[in-house]
Amino acid sequence: MSLLIIGSERADDFYKMTRGLVPGRDVRLWPDVGDASDIRYALAWHPPAGELAKFPNLRLIVSVGAGVDHLFRDPDLPDVAIVRYVDPDLTTRMVQYVVLMTLFHVRRMTEHLEQQRDRRWEYRPEPMPGEVRVGIMGIGVLGQACAQALKGLGYQVRGWSRSPKSMPDVTCFAGDEGLGPFIAGTDVLVVLLPLTPDTRHIVDGDLLAKLSTSGRHHRLPGPVLINAGRGGLQVETDILDALEDGTLYAASLDVFETEPLPAESPLWQHPRIVITPHNAAESATESISKYFVRQIDRLEAGQPLENVVDPSVGY
Ligand SMILES: NC(=O)c1ccc[n+]([C@@H]2O[C@H](COP(=O)([O-])OP(=O)(O)OC[C@H]3O[C@@H](n4cnc5c(N)ncnc54)[C@H](OP(=O)(O)O)[C@@H]3O)[C@@H](O)[C@H]2O)c1
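Analysis parameters
- Residues numbered from 1 in each chain as written.
- Predicted model: local features only at pLDDT ≥ 70, side-chain atom pairs only at ≥ 80, totals over all residues.
- Heavy atoms only, no water.
- Helix = DSSP H or I, 4+ residues; strand = E, 2+ residues; numbered from the N terminus.
- Rg over C-alpha atoms; globule rule 2.2 N^0.38 Å.
- Contact = heavy atoms within 4.5 Å.
- Areas by Shrake-Rupley, 256 points an atom, 1.4 Å probe, with all protein chains shown as cover.
- Lys, Arg positive; Asp, Glu negative; His and termini not counted.
- Charge placed at Lys NZ, Arg CZ, Asp CG, Glu CD.
- Near = heavy atom within 4 Å.
- Polar contact = N/O pair within 3.5 Å; in protein donor to acceptor, adjacent residues only side chain to side chain.
- Nonpolar A, V, L, I, M, F, W, Y, C, P; charged D, E, K, R; others polar.
- Pairing = 2+ DSSP bridges.
- Axes fitted to C-alpha atoms, helices over the stretch in contact; angles between N-to-C directions.
- Phe/Tyr/Trp six-rings, centres within 6.5 Å; stacked < 30°, edge-to-face > 60°.
- Buried < 20%, exposed > 50% of the residue type's maximum accessible area, 1.4 Å probe, protein only.

### Concerning the overall build of the chain
Assigned secondary structure in the chain consists of nine helices and 12 strands. The C-alpha radius of gyration of the chain comes to 21 Å, within 12% of the 20 Å expected for a compact globule of 315 residues. Structurally, the chain occupies a C-alpha span of about 65 × 40 × 30 Å along its principal axes. By sequence separation, contacts in the chain at least 24 residues apart represent 62% of the contacts at least 6 residues apart. For the chain, the accessible surface area stands at approximately 14700 Å², while carbon and sulfur atoms represent 52% of it. Taken as two groups, the 31 positive and 42 negative side-chain charges of the chain have centres that lie 5 Å from each other.

Written out as structure tokens, the structure is:
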């Protein structure tokens, strides 16, 4: 009934922390796995493809992150329960990132910083908060928390999901038929979708061209994109083109098709892009290790697991 830590730059920390939490139990750190048949539970982040299939008695995989695309890219992923990480600390950090970036662009901060560098004192008109419509693609655990915070700042909020939703003071859209009307009434697009076969490259030139431009009438220079979901959701050349031709005013990108973002990527240089290194919402080692142990305790006590992933939809 051994525990395994596999993948992640922080694997050593998870290993030490987990051992401290369950001193009586056998915890192993990949690739030093010993007898593979002992392994029952794995805490995983980007495990090398094919590795998890080597444990014949594996019963549970806990993902270090909220997203599980790093598991589903493995064609040999074993058919066992998968739990993704959901945690108030992570959620709060994501809310802070989304609020920070929304305010940053709506308050035209890239322009103010440029002016400051040039010692230029120039007035820039800004919209009233109630005029700005923030559209959240993916109104799940993180999207809903962001919606609450953005409403509190006075913005109009709308959300898009796979299944229909109802939230007070949030205009909800769902499915393929809801995407058009959702996008057409969005000034600031916040992307918090999981990366699945259905969502890959969903943020492309066609979608960006359908964002609302009516914000310009109330002093928002143009639509804004904020992607903190996954890099595979976006087409990066289309984002650059959209910024160049004015389809987009500005963007904040935390995630990229290739991470780390290669030094030669033109995204680095664009004056209207804010780049962060996939740290919109980090999670503390201790919380993740405790969460891992809690899921094992629940499984062994015959209680339901938390935040179980549905492999048929990929999140
Ligand atoms: N950058 C970072 O640091 C960071 C940190 C944490 C998480 N993330 C990313 O954030 C993502 C969201 O996390 P979460 O905890 O909020 O996930 P979640 O609770 O599973 O929510 C996902 C949302 O996306 C919607 N969705 C999924 N597929 C869709 C589709 N094909 N069409 C329309 N809507 C679709 C879901 O619709 P339903 O409500 O109908 O299911 C749900 O509303 C994660 O998957 C991860 O990739 C990034």
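On we go.
### Considerations on the site of the ligand
Near the ligand there are 29 residues, and of these Arg84, Val141, Ser163, Lys165 and Tyr315 occur at the shortest range. One of the backbone N or O atoms of Val141 is found 2.9 Å from an oxygen atom in the ligand. Coverage of the ligand by the protein amounts to 92% of the 940 Å² it exposes when considered alone. Where the shell around the ligand is concerned, the elements lending two or more residues are helix H3 (88-106), helix H5 (141-152) and strand E7 (156-161). A per-class count over the shell around the ligand returns 15 nonpolar, eight polar and six charged.

### Details of the sheet that holds E7
Strand pairs in the sheet, formed through backbone hydrogen bonds, run parallel or antiparallel to each other. The strand order across the open sheet formed by seven strands is E8-E7-E6-E9-E10-E11-E12, and the pairing between neighbours is parallel. Each end of this open sheet is capped by a strand with a single partner; those strands are strand E8 (170-174) and strand E12 (273-275). Across the sheet, the axes of successive neighbouring strands diverge by a mean angle of 15°, strand direction being ignored. Bridge count for strand E6 (residues 133-137) against strand E9 (residues 188-191) is four bridges, and the pairing is parallel. By the bridge assignment for E9, Gly135 is matched with Leu189.

### Looking at the packing of aromatic side chains
Scanning the model with the defined rule gives two aromatic pairs in all. Note on Tyr85 and Tyr291: the rings are 5.0 Å apart at their centroids and 85° apart in plane angle, and the pair reads as edge-to-face. In this pair, Tyr85 is assigned in the loop between strand E5 (81-83) and H3 and Tyr291 in helix H9 (residues 285-300), connecting sequence segments 206 residues apart. As far as the burial class goes, Tyr85 and Tyr291 line up, both buried.

What is shown is where atoms sit, not what they do.
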